[in-house]
Amino acid sequence: MNFFTFSSIFSTFSTFAIALLLFVKVKNKSPSYNFAYTSLASGIWTLGAWGFSTTTSYDTALIWIKVAHIGTILTPAFFFHFVSGLTKKYNKFLILLNYCLAALFVFYTFFYKDFIHIKYVFGQFYFPIYVNPASVLFYISVYGIFLPYAFFLLITFFRTTRGILRNQLKYFIIGLIVAWSGPEGLFLFALGVPIYPCSNILIGVYPLIFAYAILKYHLMDIRIFISRAAAFLISYPFFLGVPFIFAYRMEPVLFPLLGMNWWLVPTSLIVFFATLAPLAYGQIRSKMENAFLAEQKRYQKLLLQAASGMATEHDLNRLAKLIVYIVKKAVRIDFAAIFLDDKSNEIYRLKAYRDRGSKISKDMVFLYEHPLVQYLKKQKEPVLYEELPPELRESLGEFSKTSLIVPSGIEDNLLGFVFFGEKLNRQPYTNDDIDVFKILSHQAALAIENCLFMEESRQAQEKIFAAEKLASIGGIADGVAHQIKNRLNQFSVASGELRYEIKDFAQKHSELILKNPDLKKTFDYLAEIATSFLNNVKRTDGIVKGILNFARVEEKETFFSKFSLKEVIDVSTELLQIKHEISQVPLKLNLGSSDIIYGVKAQMTEVVYNMLDNAYEAIQDKVMRLEPEEKLKFSPEIKLRLLHEQSIDVIEISDNGIGVSKENERKIFAPFFTTKSSYKSGTGIGMYVVKRMVEENHKGKVWFESTHMKGIKFFVELPRK
Amino acid sequence: MSKVLVIDDEVEVVDFLFNFLRRFKIQVEKAVSGKGALEAFMKVKPDWVFLDIKMPDIDGFEVLKAIKSMSPEVNVIMITGKEDKESQDKARKLGAFDYIIKPLDLEQLHKKIQVNILDKNN
């Protein structure tokens with residue numbers, strides 16, 4: 001059997017096989033169906049070639065050549081139809097023209113005697129030779145114009161594609177170029193160039209490329225395919241070929257030495273090399289892949305390193321930015337965007353975004369009900385743009401240029417997802433990439449979870465702070481002050497208006513008033529009342545301003561200084577008088593030689609105020625529980641004493657109020673704890689504030705001694721700098 | 001004759017101011033919400049506006065912005081409880097003519113009106 005026959009048989013099987021596969025797998029009317037016809041038609045050529053290359057009879061050869069030629073004519077027509085469909089450049093006229101030309105040439109083949117000449121070549125078989133101008137015209141029109149045009153369409157289309165489709169198309173086009181160089185090579189011979197028609201084998205090779213690439217490595221980069229194929233071709237034939245060559249060459253040497261058992265030597269060599277070959281293959285493969293995929297390996301390594309570093313980030317916003325930054329920089333892509341779960345609003349919110357200049361709206365969100373969110377929740381794995389259902393692709397809006405979406409979550413909880421743009425070098429994402437992103441996404445999920453936890457505890461902390469603020473003088477002051485001011489304004493405007501009314505009336509009816517002294521007296525008195533109102537408004541406004549100023553100072557002032565405790569006590573008692581509507585606080589002071597202490601004045605005012613407030617309320621609580629005759633005997637008393645020791649100052653505040661019961665002793669500094677029968681304020685935050693301000697901010701100590709129903713004594717110890 | 005629009009969410013305050021301003025033969029219109037203010041403003045086309053800041057529906061600053069964008073020549077006097085410097089600066093930046101802090105002293109207001117409105121009318 002000659003090589004041409006072999007190549008024909010091989011190609012017949014492979015093209016028919018792929019045609020069969022496509023007919024079975026592909027839906028009718030899809031462009032791929034036309035590709036099945038294309039394969040079938042090329043199979044007809046190779047079948048014909050098988051026929052004519054195995055006969056020495058001129059007549060039989062002529063019949064086979066005519067059969068084969070039908071394939072030659074139909075293949076490009078179907079191919080053109082297929083490409084038009086695939087690239088969506090559907091030009092009905094051109095497709096029809098192709099089919100008409102095909103029909104014309106089929107007609108010629110059978111009924112125009114001189115269309116094909118055949119010639120016995122290489123002393124092996126008959127072969128068609130184009131000498132007739134009609135057959136040359138056929139060649140030029142179909143293989144010279146339409147076929148290159150189809151390739152032009154294909155390559156133009158290829159440039160517009162992205163991701164997996166681009167990857168598949170790459171194989172496909174390579175396969176097609178290989179396949180079509182088959183007949184082009186044959187034509188060279190048919191047109192008179194004296195080379196053996198060995199390119200026939202290429203016709204059968206493309207289905208192998210397709211089958212291998214599309215079915216098995218549809219996600220894999222072609223570079224991997226090439227490097228593996230090359231590694232295979234280098235390792236196996238070499239290692240398995242060596243024993244054969246050895247056997248062939250060494251038989252004359254070995255036979256005299258070992259007699260009939262000479263074959264043992266090459267056989268053991270085969271065994272030896274057969275075990276060596278896979279090892280060599282693996283080595284060569286990884287070496288080649290490393291060389292080919294250096295860039296990819298580089299960023300994959302970088303990503304994995306970054307992933308392990310993510311866990312140390314506790315701020316969600318910074319983490320989001322970090323993820324996006326790492327991804328965009330390391331993988332070198334158009335853009336990266338991260339969306340994170342916003343539970344309170346039931347949306348996924350755009351948290352961070354990086355790209356090359358183009359603007360997108362910063363407040364982009366996906367609702368929980370968004371089909372993409374639903375899809376990612378179900379998938380849980382990175383998904384390529386091309387794998388998304390078409391309606392989802394359309395719903396991506398501003399992110400329609402996304403190539404890959406990587407969801408990040410723990411179990412069924414989708415914490416967020418990252419949009420990856422296309423790589424800058426336009427390489428598609430590979431399986432290896434996706435494996436790395438899976439790890440990255442898992443790490444990110446843990447880090448996000450971590451952040452959310454930190455965030456939650458931070459928010460809880462803030463809630464306590466907010467309550468603290470509310471309980472603090474400043475908090476009360478701000479809210480109440482506005483209300484008071486509105487009422488004062490009413491008084492002020494009303495009394496002012498009253499004065500004007502009186503004045504106007506007096507002017508208009510001056511005679512009436514002159515005649516009637518009583519009326520004048522009344523009017524004067526009314527004006528006096530109005531003035532008194534106005535004066536009171538001004539005074540009250542002064543007080544409100546005083547409280548507000550204090551509140552503002554408190555917010556801003558955090559510096560340590562030496563200051564007078566007496567001043568602090570005065571402010572606090574004044575505030576207590578306002579709060580409890582009392583003229584005097586039953587307070588006895590013993591400040592010793594000096595009332596100067598060291599700390600943050602505003603905070604210490606808060607501390608003293610809270611402790612005095614607490615003491616006063618404890619006394620009120622006790623009074624409420626006393627019998628009437630006991631009440632008469634009871635005299636409320638709060639004592640404040642300042643002691644200076646070597647490096648500390650101690651403030652003691654004691655009262656003869658209700659004290660604290662044994663079971664409540666441990667809770668007294670806990671936030672939101674109160675024993676007061678919601679007497680006045682009762683937020684339960686006062687002593688917590690005291691403890692925090694003293695112990696955290698001043699590095700001091702607070703403790704107390706108490707007897708239930710007898711009273712309590714607090715100690716505040718402040719280090720003196 | 002000048003027209004004044006008084007805007008405050010406290011109905012009684014607005015009523016008192018209404019009576020007060022009428023003494024000086026000023027044509028006065030009232031509004032007790034931000035929304036009502038804008039409607040009244042378009043209807044009345046006043047020369048002067050007395051404007052509160054804290055209102056339940058539309059913030060006084062927003063009203064000021066809207067008024068100034070519609071008719072920049074209108075003079076707006078803020079009358080508000082907000083004392084802070086930021087609010088005062090903001091009001092001036094938005095084009096307020098004056099900023100009076102509550103509680104409102106009618107005698108002082110009278111002096112301002114005398115200089116800026118009444119004297120100019122004559």
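In this text the structure is predicted, and so the values were computed from the model without any measurement.

Let us look at the pairing of strand β1 (residues 3-7) of chain B. Residues and elements named next belong to chain B. Across the 5 residues that make up β1, a large majority, 4, are buried. Alignment of β1 against strand β2 (residues 27-31), held across 5 bridges, turns out to be parallel. Within the sheet, the bridge partner assigned to Lys3 lies in β2 and is Gln27. With helix α1 (residues 11-22) bridging β1 and the parallel β2, this β-α-β connection has right-handed handedness. Relative to strand β3 (residues 48-51), β1 runs parallel, the two sharing 4 bridges. Paired with Val4 across the bridge in β3 is Trp48.

This part takes up the sheet that holds strand β13 (residues 648-655) of chain A. Residue and element names in this part refer to chain A. Strand order in the open sheet made by the 5 strands is β10-β12-β13-β15-β14, with mixed pairing throughout. The sheet is open, and its two borders are formed by β10 (587-590) and β14 (701-707), each paired with just one other strand. In this sheet, neighbouring strand axes are inclined to one another by 15° on average, regardless of whether the strands run parallel or antiparallel. Pairing geometry for β13 and strand β15 (residues 711-719), over 8 bridges, is antiparallel. Bridge pairing links Ile648 to Pro719 in β15. Against the sheet, helix α21 (residues 686-697) makes contact with β14 and β15, and its axis sits at roughly 140° relative to β14, the strand it touches most.

Quick look at the nonpolar core now. Counting residues in each nonpolar core, the largest one holds 48 residues, and the members touching the most others are Ile323, Val324, Val327, Ala336, Ala337, Ile338 and Val418 of chain A. Ranked by size, the runner-up nonpolar core spans 46 residues in total, among them Ile44, Phe52, Val83 and Phe127 of chain A.

It is worth spelling out the packing of helix α10 (residues 294-310) of chain A against helix α11 (residues 316-331) of chain A at this point. Residue and element names in this part refer to chain A. Contact pair α10 / α11: the axes reach a minimum separation of 9 Å and the direction vectors enclose 170°. Taken as axis vectors, α10 and α11 run roughly antiparallel relative to one another. Contacts between α10 and α11 involve Tyr299, Leu302, Leu303, Ala306 and Met310 on the former and, on the latter, Leu319, Leu322, Ile326, Ala330 and Val331. Residue composition of the contact of α10 with α11, by class: 10 nonpolar, no polar and no charged.

A cis geometry characterises the amide bond from Lys102 of chain B onward to Pro103 of chain B, with omega recorded as 0°. Following the sequence through the fold, Pro103 of chain B ends up in the loop between β5 (98-101) and α5 (106-121). Even without a glycine there, the phi angle at Lys380 of chain A is positive, about 65°. Relative to the elements of secondary structure, Lys380 of chain A occurs in the loop between α12 (371-379) and β6 (383-384). Classification of Lys380 of chain A as partly exposed rests on a count of 15 C-beta atoms within 10 Å.

Right, let's talk about the confidence of the model for chain B for a bit. Confidence in the prediction of chain B, expressed as mean pLDDT, is 90, and 98% of residues score 70 or more. With a pTM of 0.38, the predicted complex shows an ipTM of 0.88.

Taken together, the contacts link 16 residues of chain A with 15 residues of chain B. Sorting the residues of the side of chain A that touches chain B by element identifies α15 (473-508) and α17 (517-556) of chain A as the ones contributing at least two each. Across the side of chain A that touches chain B, the residue classes tally to 6 nonpolar, 6 polar and 4 charged.

All names here are of chain B. Along helix α3 (residues 60-70), the positions that sit buried rather than exposed are Gly60, Val63, Leu64 and Ile67. Around the axis of α3, the buried residues are gathered within 100° of arc, so they sit on the same side. Lining the buried residues of α3 we find β1, α2 (34-44), β3, β4 (75-80) and α4 (85-93).

Definitions and limits used
- Residues numbered from 1 in each chain as written.
- Chains lettered and ligands numbered in written order.
- Predicted model: local features only at pLDDT ≥ 70, side-chain atom pairs only at ≥ 80, totals over all residues.
- Buried ≥ 20, exposed ≤ 12 C-beta atoms within 10 Å, placed from the backbone.
- Helix = DSSP H or I, 4+ residues; strand = E, 2+ residues; numbered from the N terminus.
- Pairing = 2+ DSSP bridges.
- Right-handed = clockwise from strand over helix to strand, strands pointing away.
- Axes fitted to C-alpha atoms, helices over the stretch in contact; angles between N-to-C directions.
- Contact = placed C-beta atoms within 7 Å.
- Core = buried A, V, L, I, M, F, W, Y, C linked by C-beta atoms within 7 Å.
- Parallel < 35°, antiparallel > 145°, perpendicular 65-115°, else oblique.
- Nonpolar A, V, L, I, M, F, W, Y, C, P; charged D, E, K, R; others polar.
- pLDDT = per-residue confidence, 0-100.
- Arc of directions from axis to C-beta.

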